[in-house]
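So you can see what is in the structure, the chains are spelled out below.
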Amino acid sequence: MVSATTLVPLLRRIAYVEGWSYILLLFVAMPLKYLLDQPLAVRLVGAAHGGLFLALVAVLLACWIAHRWSVPRVALVGIASLVPFGTFWADRHLACWQREG
């Protein structure tokens, strides 16, 4: 079981990898599929991205409960995960919240 003190660092790591998987999906796999008729890249990167996104949501919910985060704080991270490069922007806030404890 993960302790409350390790949840935010875990969320930051997952968000970082999920952000890169999203960028790979949008800017590498999708062009391969639609420009070069190579759908395997979307299948592989899309599956990895989907799993990472679900992990991000699960850990975000755990942070919400364990740290009693406000709805706007949780919404910020949730919405940032839907925007390309958003998780990298949200990491700045996550780093501050990590220092809060």
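Scope of this entry: the structure provided in the associated data block. The structure displayed is predicted, hence computed values, not measured ones.

### Let's talk about the nonpolar core
The biggest cluster of nonpolar side chains holds 14 residues, and the ones touching the most others in it are Leu11, Val59, Leu60, Cys63, Trp69 and Leu94. Secondary structure elements with two or more residues in this core: α1 (4-36), α2 (40-67), α3 (71-80) and α4 (86-100). Tallying contributions element by element places α1 first for this core, with 5 residues. Residues within four places of Trp69 in sequence aside, it is in contact with Val8, Leu11, Leu60, Cys63, Trp64, Val74, Leu94 and Trp97.

### Some points on the pattern of salt bridges
Counted by the stated rule, this structure contains 2 salt bridges. For Glu100, the salt bridge is made with Arg73, and the minimal N-O distance between the two is 3.3 Å. Here Glu100, found in helix α4, pairs with Arg73, found in helix α3; they are 27 residues apart in sequence, far enough to count as distant.

### Considering the packing of α1 against α2
Closest axis-to-axis distance for the α1/α2 pair is 8 Å, and the angle between their directions is 155°. If you check the angle between α1 and α2, you find them roughly antiparallel. Crossing angle aside, the handedness with which α1 passes α2 is left-handed. Per-class residue counts for the contact of α1 with α2 are 26 nonpolar, 4 polar and 2 charged.

### Here we look at α3
Every buried residue of α3 is listed here: Arg73, Val74, Val77 and Ala80. Summarising the axial view, the buried residues of α3 lie within an arc of 135°, below the 170-degree limit, and thus occupy one face. Facing away from the buried surface of α3 by more than 90 degrees, the exposed residues are Val71, Pro72 and Ile79. Of the surrounding elements, those touching the buried residues of α3 are α2 and α4.

### Observations concerning unusual backbone geometry
Positioned with a positive phi, Asp37 is a non-glycine residue whose angle comes to about 55°. As for its placement among the helices and strands, Asp37 is situated in the loop between α1 and α2. A relative accessible area of 62% places Asp37 in the exposed class. One non-glycine residue, Phe85, lies in the positive phi region at around 70°. Judged by relative accessible area, Phe85 falls into the partly exposed class, the value being 48%.

How each quantity is defined
Residues numbered from 1 in each chain as written. Predicted model: local features only at pLDDT ≥ 70, side-chain atom pairs only at ≥ 80, totals over all residues. Heavy atoms only, no water. Core = buried A, V, L, I, M, F, W, Y, C linked by side-chain atoms within 4.5 Å. Buried < 20%, exposed > 50% of the residue type's maximum accessible area, 1.4 Å probe, protein only. Helix = DSSP H or I, 4+ residues; strand = E, 2+ residues; numbered from the N terminus. Contact = heavy atoms within 4.5 Å. Salt bridge = Lys/Arg side-chain N within 4 Å of Asp/Glu carboxyl O. Axes fitted to C-alpha atoms, helices over the stretch in contact; angles between N-to-C directions. Parallel < 35°, antiparallel > 145°, perpendicular 65-115°, else oblique. Left-handed = near helix turned anticlockwise from the far one by under 90°. Nonpolar A, V, L, I, M, F, W, Y, C, P; charged D, E, K, R; others polar. Arc of directions from axis to C-beta.

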